[in-house]
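Structural features, examined
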Amino acid sequence: MARINPGLGQGFSGNQDGLLVSFDAVIDVRNVTKRFGGLTAVDNCSLQVGRGSITGLIGPNGAGKSTLFNIVAGNIVPDHGQIMFDGADVTGLAPHQLFRAGMLRTFQIAHEFSHMTALENLMMVPGDQPGEHLSNVWFRPHRARSRETEVRKKALDVIDFLKLGHVRNELAGNLSGGQKKLLELGRTMMVDAKIVLLDEVAAGVNKTLLQDLAGNIERMNRELGYTFFVIEHDMDLIGRLCDPVIVMAQGEKIAEGPMSEIRANEAIVEAYFGSPVVEA
Ligand SMILES: Nc1ncnc2c1ncn2[C@@H]1O[C@H](COP(=O)(O)OP(=O)(O)OP(=O)(O)O)[C@@H](O)[C@H]1O
């Protein structure tokens, strides 16, 4: 049975016997509300993303998922409530501040980067490379060079991990939709992420490449310990990757559990999806 509005205190989660067990949350959304004029998009919502998990966020159109996601990512400031990130209150911090703290969100490769190779795109990610400062290039060229060598090695490791070696010198603009998504994922691996926020990662990716993308997300999670928070309309992808799955409706969390439990919960399926959630 999916846990519907468990109402448990921060830092705790229910196990099958209903006992409280300690819970290590990377993201802890506490009683967050966001209104747009008279419309309450997120309504006193609390949820957590456990360290090492791939947590999915689903719900019908207009449920408040994107608004909540944007609040977590620092793009929208909530009217009430707090966002705790790795134990610190980060409510109201800007995305670049959250990036530095280790919260990464994938973004489409910007137009100007499409004229750079896949490898160069990865090498651009870490900010303030010493080589970028003129004073370092003039007065400390060795330091700048060794840093660049380090970044290049890391980028090659990421290319290798994602099996993009055959396109590493290809311009990013020439990559297929799925390869671009992999590159976006790869950029999050260039810095030490405590959590990666994935926003509609399946959009525009064909079924075969989607399996590849999903496999890489799983490997990043299992082999490298990455935590993911995923907002996604593709229920197959959610079902394959995510545990737990959090269901939102009308701005609130209404259920949380493995996808098998969510699918089996007729009340949720009927009320919020209109029809049974089935595998494609
Ligand atoms: N900037 C905004 N100004 C006014 N209303 C907004 C704004 N952003 C979202 N809303 C409204 O808030 C509600 C929640 O929207 P939100 O986009 O968060 O839902 P969602 O669950 O992500 O939906 P979808 O699955 O369709 O993307 C909707 O009624 C939407 O119209």
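For every chain, the first residue of the written sequence is number 1, and numbering continues from 1 onward in sequence order. In keeping with the model being predicted, local features are shown solely for residues with a pLDDT of at least 70 and side-chain atom pairs are shown and tallied solely at 80 or more, while totals for entire chains, interfaces and linings include all residues. As a convention, hydrogens and water are excluded, and side-chain values are obtained from all of the structure's heavy atoms.

1. Describing the sheet that holds strand β10 (residues 228-231)
Remark on secondary structure: sheet strands pair via backbone hydrogen bonds, oriented parallel or antiparallel. Sheet architecture is open: six strands sit in the order β8-β9-β10-β5-β11-β12, paired in mixed fashion. The outermost strands of the open sheet, each flanked by one partner alone, are β8 (103-105) and β12 (252-257). Neighbour-to-neighbour, the strand axes of the sheet open up by a mean angle of 20°, direction not taken into account. One ladder, built from four bridges, connects strand β5 (residues 54-58) with β10; its direction is parallel. Its bridge partner being in β10, Thr 55 is matched across the sheet by Phe 229. Two residues qualify as a contact provided that any one of their heavy atoms is within 4.5 Å of a heavy atom in the partner residue. Here an angle of 0 to 180 degrees is reported between the N-to-C directions of two axes, which are lines fitted to C-alpha atoms, with helices fitted over the stretch in contact. The way it works is that DSSP assigns letters per residue, a run of H or I at least four long becomes a helix, a run of E at least two long becomes a strand, and they are numbered from the N terminus. Against the sheet, helix α1 (residues 65-72) touches β5, β8, β9 (195-199), β10 and β11 (245-249), its axis set at about 150° to β10. Taken strand by strand, helix α7 (residues 207-224) contacts β5, β9 and β10, and its axis lies near 155° from that of β10. Paired strands are those between which DSSP finds at least two bridges.

2. Structural notes on the sheet that holds strand β3 (residues 25-36)
With respect to topology, four strands assemble into an open sheet ordered β4-β3-β6-β7, the strand pairing being antiparallel. Across the chains shown, the open sheet's two edge strands, defined by having one partner strand only, are β4 (39-50) and β7 (88-89). In this structure, β3 lies alongside β4, joined through eight bridges in antiparallel fashion. Along β4, the bridge assignment pairs Val 29 with Leu 47. Against the sheet, α1 touches β3, β4 and β6 (80-85), its axis set at about 120° to β3.

3. With respect to the environment of Leu 47
Counting through the fold element by element, Leu 47 comes out in strand β4. As for Leu 47 and Val 29, which are separated by 18 residues in sequence, their C-alpha atoms are 5.1 Å apart. Contact partners of Leu 47, with chain neighbours within four places excluded, come to Ile 27, Asp 28, Val 29, Leu 57, Leu 68, Phe 229, Ile 246 and Lys 253.

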